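# A look at the structure
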Amino acid sequence: MNKMILYKEWLKTRWLLLGILLAMAALTFYCFLNLAKVVEFRGAGLLWEALVTKETVLTEILRYVPAIAGALLALGQFIPEIQQKRLKLTLHLPYPQGRMLLAMALYGLTALTLLYALQACASAWVLSAWVPGELVARVLKTMAVWYLAGWAGYLFTSALCLEPTWRFRVLILLVAAGLLRLLYLSGIPEAYNGFFPWLLLYVAASAGLLFAGVARFKEGLQD
Amino acid sequence: MQVEPVISCEHLTHYYGKRKIYEDLNFTVEPGRIVGLLGKNGTGKTTTINILMGYLKPQSGRCTLFGEDVQHISPETRRRIALLLEGHVQYSYMSIGQIEKFYSAFYPKWNRDAYYGLMEKLKVAPGQKIARMSNGQRSQVALGLILAQNADLLVLDDFSLGLDPGYRRLFCEYLRDYAKAEGKTVFLTSHIIQDLEKLVDEVIVMDYGSILVQEEAQTLMARYPGLTLEDIFIELTGKY
Amino acid sequence: MKRYGQIFLGLSLVALLLWVLPWLYNLITLKPYSTPFTLYSCTVHDFTSLDRSEGRGFQFVDTKGNVYGDEAQPTFYASVLASRGTLPDTLEGRKVTLEEIEQNAVIASSDPKDLNRTLPPVYLLLESVPERLELKDPEDALVSRKGSIDIVEMASNTLREEKTRLFNAALQAEGFVYPARYFAGKPSHRKAYDEGYLVTDAENKVFQVKQINDTVHVRHFPHADGLGVHFMLITEFDNHATLGYLVSADNHLHMLRPDGEVVRTEVVFDPHKEDLLLVGDLFYYTVKTSTEKGERFWALRSSDFSLVDTLERPYPHEWSFPGLSFTSSNDGWVKPRI
């Protein structure tokens, strides 16, 4: 049964995931192609100088990609569930409803994590040819917040989809806007190092909004 | 020995805002019966289905399915209930094969032959998405899934919505034959009352706020000789 | 779960309001203000501030309210006065020339935001004695690690093994204890000359590392031992008056001379919380430190850094709406603060 839950999510999202994967790959490739050109014509020292003396991690073009990917995946997973109130079918399946929703959310989060991990590994692999581990780590620690924004984008978009009442959708949207603003507040590398664990906890806690929305759906609350 | 009703609703009251849907509604559905819930638009038919399936919390009152409170139906009990949503809503991004593969994993008593028996009648490519099928074809897929689940209770909300007479007839015939042969309990609503005449054992006629009559269909029709069930319904509820 | 969702959203919205509303209020109501440019004058022998009020033109006012023209700051406006032919040829009882004045003009600054952030342990290494006199782009970089400071060739991202071995041997010979704590330097070729980096080790001892002819030399400053130096600025001024500025554990500013002498000054300055601006000339250094509450000035004699005068100028108090914020002008971190 667990496999079939994942199978259903896979059927909904496989082409979307492929699209996201290709888009992420293309943008990442484009980003590092530009850097490779800089290295070829001006030397890797320029990358070192930028990473050490300027407020950049060289991959800023990828900043919003994880958040957009997260939101898109959530839409791809949950819009089919709310269209024609298809969620009723899902909730009627002879499977604990909480676990069902958890499995669906974990599918999305896992898929995103794999995509982000792929991008991070590719970035680290390419960068490590040019700069030392300390600078690669700096780039990855900075990008970690963008991935957190991706998970947040996924969870809040999912919550928005599953929420049956406009009042709560507005509240969720406001909080989501605030959180995303916070996650993109500073472009200074490693600015979020100390705060990151708390932000991660908060984003994880926001998963509860999905269950709250479904609970309201089950009470028949709607507009 | 008294057999527990499959469906039982007691003192059911619900409002949408200030609008009363019904107050102190009481009814039961005994095992093995095919019961049709009739009423004009807005009398609470879909509301009742939603309450029974746990998608709506009534203002007050209690309903049970197989003795379990509908607000907390266990997965084991849900396995005994086949549900058809209004409009034959399905996972329309799946194909016939994919949806069968999906559902069969949840129902140990899954009857593959019952499903594919109906699917053979559909003239569709095996990989065709349900979304690309006609209303009638989709209703057959829905019917096939319902039958294959081998459930003890079938709940169908307006099963005839969007179907032409041919498909409606097919649906009714299949459903009755299956229910009677397997001793299933069926609880359904439909806005096309003439379909129910040959299908249901018992009718519950709802009016705004209450149940007008709950009676054997044959007994009701005998009380109004010469009238069809539809005529009797209009007689009971008024023309408009 | 409904209740959980309500509590989660409720608390989040409260935090959001505490963040946004005060920010909005302060944005609308708080007025920016500026404080006048203030230097210690070698002619007036007092702090003089540039008065930009209407109708006054270009005037300086001392702490007693006396008004002067730009003769109050002859060293700061030396080239302007010289172009007018009004530059005095004697100041502080000695003959001066424009060239000497210009060569002894120094300026240094620090901002807590530059310190209070996570910095990578990588430092670009210039060649201090370039072939053609002009400083070039660095080819190597220092990478500070737990048990060594490695020298990496940037173009190939490979360790300069022999160079690193010799460098670390030199560090250890001077008593360096790993890991390095703080590096101060200006890795840019847009300067007259390069003095490499001032580095503190794990015991806050002060060293200079400098690349000369592709070899990194190490120099230890024993007079700085025991001060608990936690902040440094490398100076690289035309006059070579100092090698750098050091801040000790008790937040006193010390001057590190090229000969290794460390001179303690009366300037008290916490680099993690205060801005620093030092403007110096042939005769005096004016050191300004500032926080959101106000400014403090010290006038030091350039020859021996002894204290001449002080001035405090609190800012006008303006009430700002307290609330939650996540950034600060004093650091580069995102974290909640009230």
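All residue numbers here refer to positions counted from 1 along the written sequence of the relevant chain. Each chain is given a letter, starting from A, and each ligand a number, starting from 1, according to the order in which they appear as written. Under the rules for a predicted model, residues below a pLDDT of 70 receive no local features and side-chain atom pairs below 80 are neither given nor counted, while totals for whole chains, interfaces and linings still include all residues.

By the criterion used throughout, residues are in contact when their C-beta atoms, derived from the backbone, lie within 7 Å. Listed as interface residues are 38 residues of chain A and, on the opposing side, 31 residues of chain C. Broken down by secondary-structure element, the contributors of at least two residues to the side of chain A that touches chain C are α2 (45–53), α6 (133–162), α7 (166–183) and α9 (208–218) of chain A. Nonpolar residues are Ala, Val, Leu, Ile, Met, Phe, Trp, Tyr, Cys and Pro. Charged residues are Asp, Glu, Lys and Arg, and all others, Gly as well, are polar. For the side of chain A that touches chain C, a count of residues per class yields 24 nonpolar, 9 polar and 5 charged. Put simply, DSSP marks the helices as runs of H or I at least four residues long and the strands as runs of E at least two long, and each gets a number from the N terminus on.

Between chain A and chain B, the contact holds 19 residues from the first and 21 residues from the second. Counting only elements with at least two residues in the side of chain A that touches chain B, the list comes to α1 (2–42) and α4 (87–92) of chain A. It is α1 of chain A that provides the largest number of residues to the side of chain A that touches chain B, a total of 5 residues. Residue composition of the side of chain A that touches chain B, grouped by class: 10 nonpolar, 3 polar and 6 charged.

Let's shift gears to helix α8 (residues 229–237) of chain B. Residue and element names in this part refer to chain B. Field definition: a residue is buried when 20 or more other C-beta atoms are found within 10 Å of its C-beta, exposed when 12 or fewer are, and partly exposed for counts in between, with C-beta atoms placed from the backbone. The set of residues buried in α8 consists of L229, I232 and F233. For α8, the arc enclosing every buried residue in end-on projection is 100 degrees, short of the 170-degree limit, so these residues lie on one face. In this structure, the buried residues of α8 make contact with β3 (34–39), β9 (202–207) and α7 (217–223). Throughout, the arc means that of the directions going from the helix axis to the C-beta atoms.

With that out of the way, let us pick up the pairing of strand β18 (residues 252–256) of chain C. Each regular strand shows side chains that alternate between the opposite faces of the sheet. Residues and elements named next belong to chain C. For β18, the tally of buried residues reaches 4 of 5 residues, placing the bulk of the element in the interior. By the bridge criterion, 4 bridges tie strand β17 (residues 244–247) to β18 in an arrangement that is antiparallel. Bridge assignment links V247 to a residue of β18, and that residue is L253. Paired strands, in this sense, are two strands between which DSSP finds at least two bridges. Connecting β17 to the antiparallel partner β18 that follows it, the hairpin turn spans 4 residues, and N251 within it adopts a positive phi of roughly 60 degrees. Where β18 lies against strand β19 (residues 262–268), 4 bridges are found, and the strand directions are antiparallel. Paired with H254 across the bridge in β19 is R264.

In this structure, P179 of chain C follows Y178 of chain C across a cis peptide bond, with omega equal to 0 degrees. Mapped onto the elements, P179 of chain C comes out in the loop between α5 (161–173) and β12 (182–185). A positive phi angle, close to 50 degrees, is found at H11 of chain B, a residue other than glycine. One can find H11 of chain B in strand β1 (residues 7–16).

Residues and elements named next belong to chain B. With respect to topology, 4 strands assemble into an open sheet ordered β2-β1-β4-β5, the strand pairing being antiparallel. The two strands at the open ends of the sheet, each matched to only one other strand, are β2 (19–29) and β5 (68–69). Relative to strand β4 (residues 60–65), β1 runs antiparallel, the two sharing 5 bridges. Of the residues in β4, the one forming a bridge with I7 is L65.

Further remarks concern α1 of chain A. To get the bend at a residue, fit one axis to the 7 residues ending there and another to the 7 starting there, then take the angle between the axes. Considering bend angle alone, the principal kink of α1 of chain A is centred on T13 of chain A and spans about 55 degrees. Every buried residue of α1 of chain A is listed here: I5, K8, E9, K12, T13, L17, I20, M24, T28 and F32 of chain A. Buried residues in α1 of chain A make contact with α3 (65–82) and α5 (97–127) of chain A together with α3 (96–104) of chain B.

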